[in-house]
Amino acid sequence: MLLSGAGRSALAQNASGAFPVGTAAVATDPARDAALKSYLQKHFKIPNAAQIELGPAFKTRFDGLLARQLVVSNEQGQRITTTLFFDKSENGAIIGQFIDVGTEPWGRVNMGAVSLDDRATLGPTDAPVTIVEFADFECPFCAHAFSMLETLVNTTYKGKVKVIYKNYPLDAHVWAVKAAEAAECARLQNPAAFWDFARYFYANQGLINPQNLQQHVDKLAKAQKLDQPSLKACMDSPQTEARVKQDQIDGNSIQVTSTPTFFVNGIPVVGLPDGKVLEFVINSELGEKSPSAAAH
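Everything numeric in this text was worked out from a predicted model, so none of it was measured. (Residues numbered from 1 in each chain as written. Predicted model: local features only at pLDDT ≥ 70, side-chain atom pairs only at ≥ 80, totals over all residues. Heavy atoms only, no water.)

*Asks:* Sorry, what's going on with the overall build of the protein chain here?
*Replies:* From N to C terminus, the protein chain includes nine helices and nine strands. The 296 residues of the protein chain split such that 46% are buried. Long-range contacts, defined as pairs at least 24 residues apart, comprise 69% of the intrachain contacts of the protein chain with a sequence gap of at least 6. Carbon and sulfur atoms make up 54% of the accessible area of the protein chain, which totals about 14800 Å². (Helix = DSSP H or I, 4+ residues; strand = E, 2+ residues; numbered from the N terminus. Buried < 20%, exposed > 50% of the residue type's maximum accessible area, 1.4 Å probe, protein only. Contact = heavy atoms within 4.5 Å. Areas by Shrake-Rupley, 256 points an atom, 1.4 Å probe, with all protein chains shown as cover.)

*Asks:* Just checking my understanding: could you explain the pairing of strand E1 (residues 52-59) for this structure?
*Replies:* Residues in a regular strand project their side chains so that they alternate between the two faces of the sheet. Here six bridges tie E1 to strand E2 (residues 65-73), and the two strands are oriented antiparallel to one another. Bridged to phenylalanine 58 within E2 is alanine 67. The turn linking E1 back onto E2 is made up of five residues, and glycine 64 within it adopts a positive phi angle of 80 degrees. (Pairing = 2+ DSSP bridges.)

*Asks:* Hey, could you run me through the packing of aromatic side chains in this one?
*Replies:* For any pair of aromatic rings, the description rests on two quantities: the centre-to-centre distance and the angle between the ring planes. Under the definition given, this model contains 15 aromatic pairs. Each ring, one from phenylalanine 137 and one from tyrosine 165, has its centre 5.3 Å from the other, and the planes form 10 degrees; the classification is stacked. Of the two residues, phenylalanine 137 is situated in the loop between strand E6 (129-135) and helix H2 (140-156) and tyrosine 165 in strand E7 (residues 161-167); the sequence distance between them amounts to 28 residues. Exposure class is identical for phenylalanine 137 and tyrosine 165. Each is buried. An aromatic cluster is built from Phe137, Phe146, Tyr165, Trp175, Phe194, Trp195, Phe197, Tyr200, Phe201 and Tyr202, whose rings are joined through pairwise contacts. (Phe/Tyr/Trp six-rings, centres within 6.5 Å; stacked < 30°, edge-to-face > 60°.)

*Asks:* Can you walk me through the nonpolar core in this structure?
*Replies:* Soluble globular proteins tend to bury their nonpolar side chains together. Membership of the largest hydrophobic core comes to 50 residues, with the highest contact counts inside it found for Ile131, Phe137, Phe197, Phe201 and Ile282. Looking at which element gives the most residues to this core, the answer is helix H4 (residues 191-203), with eight residues. Among residues more than four places away in sequence, those in contact with isoleucine 282 are Val129, Ile131, Leu152, Tyr157, Val161 and Val264. Of all hydrophobic cores here, the second largest spans eleven residues; its members include Leu36, Phe44, Val72 and Leu84. (Core = buried A, V, L, I, M, F, W, Y, C linked by side-chain atoms within 4.5 Å.)

*Asks:* Just to check I follow, could you spell out the state of the cysteines for this structure?
*Replies:* What we call a disulfide is simply a covalent bond connecting the sulfur atoms of a pair of cysteines. In the structure shown here, the tally under the stated rule is one disulfide. Each sulfur of the disulfide joining cysteine 185 and cysteine 234 lies 2.1 Å from the other. Disulfide cysteine 185-cysteine 234: torsion about the S-S bond near -85 degrees, hence left-handed. Here cysteine 234 lies in helix H6 (residues 228-235) and cysteine 185 lies in helix H3 (residues 176-189), a separation of 49 residues in the sequence. Cysteine 185 gets classed as buried once you look at its relative accessible area, which sits at 2%. Under the relative-accessibility criterion, cysteine 234 is labelled buried at 16%. (Disulfide = S-S within 2.5 Å.)

*Asks:* What exactly am I supposed to notice about the confidence of the model for the protein chain here?
*Replies:* Low-confidence regions, as indicated by low pLDDT, have predicted coordinates that should not be scrutinised in detail. Mean pLDDT over the protein chain: 87, with 88% of residues reaching 70 or higher. Here residues 1-17 is a poorly scored stretch, pLDDT under 50, and it has 46 contacts once near neighbours within four places are set aside; other chains count. Low pLDDT (under 50) marks residues 292-296, which in the prediction has two contacts with non-local residues, meaning those over four places away or in another chain. (pLDDT = per-residue confidence, 0-100.)

*Asks:* When you look at the packing of helix H5 (residues 213-223) against H6 in this model, what are you seeing that I'm missing?
*Replies:* The axes of two packed helices give the description: the angle between them and the distance between them. The N-to-C vectors of H5 and H6 enclose an angle of 140 degrees; their axes lie 10 Å apart at closest approach. The angle between H5 and H6 falls in the class oblique. Judged by the sense of rotation from one axis to the other, the crossing of H5 with H6 is right-handed. Of the residues in H6, those touching H5 at Gln214, Val217, Asp218, Ala221 and Lys222 are Gln228, Leu231, Lys232 and Met235. Across the contact of H5 with H6, the residue classes break down as four nonpolar, two polar and three charged. (Axes fitted to C-alpha atoms, helices over the stretch in contact; angles between N-to-C directions. Parallel < 35°, antiparallel > 145°, perpendicular 65-115°, else oblique. Left-handed = near helix turned anticlockwise from the far one by under 90°. Nonpolar A, V, L, I, M, F, W, Y, C, P; charged D, E, K, R; others polar.)

*Asks:* Can you help me understand the side chain of arginine 119 in this one?
*Replies:* Note on placement: arginine 119 falls in the loop between strand E4 (93-96) and strand E5 (121-122). Once residues within four sequence positions are removed from consideration, arginine 119 is found in contact with Ile164, Tyr165, Lys166, Arg187, Arg243, Gln246 and Asp247.

*Asks:* Sorry if this is basic, but what is going on with the pattern of salt bridges here?
*Replies:* According to the stated counting rule, one finds 14 salt bridges in the structure shown. Here arginine 199 and glutamate 150 are joined by a salt bridge, their closest N and O atoms 2.5 Å apart. One end of the pair, arginine 199, is in helix H4; the other, glutamate 150, is in helix H2, with 49 residues separating them in the sequence. Accessibility expressed as a relative area gives 34% for arginine 199, which makes it partly exposed. (Salt bridge = Lys/Arg side-chain N within 4 Å of Asp/Glu carboxyl O.)

See below:
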């Protein structure tokens, strides 16, 4: 199923390269578009047709073959973006990703426009590999990824990897924004406290709701010996709200659509990857043999 395993590996595919830059859109028949959308809804058992979005059609490098972006979302706010290839009649289609083998294979993203200073960080500042994570404290897949990241930074690649956390609370998650603000305000008092807040939120996702979030925050702030009135004032501050929003804007600018999404020295890894996937990317950046491979 198209949405099977949403939030895990390969949640989104980058359609760049399928649509030549500067090419004008090709007009399609609205009736055929509607029939195609109806077919996709039934074929992939998607409850609501509004969760399917078809972008404009463009010519590809292959004669007679058109392409358009296909986006499918779910009620949890996660999105899959891929490419739909089809002929002019729209009687046949291929869902997949156009790959231009003449381009850089990693799909590396320029992170220069992303705000990375003054953010929660794990690992040494001069580490040769930087992992920028866009995550959501209410996201179960982010919770699974958290322990994996701590192991990478503190054990497997100690001294070689640092993680920079960027808040990307999804619209469907009702307490994620306030949790992000709480963790950020804790970080401003004590940088290490951010990770204690993160660990607590991830471990207690099933117990937290919008009504009791502040109670959890107060309990944790007391345990961390933080200034609780200052923390609450910071959470209510427009500046804190703007900082979380900036992280979301940064994510949108580099095509983040779901959590967790990682950028390993700019190389995107989407969803909850197998540990060996991150190992492969990190080791490629370090020019080293995989620790798991070295053990055999």
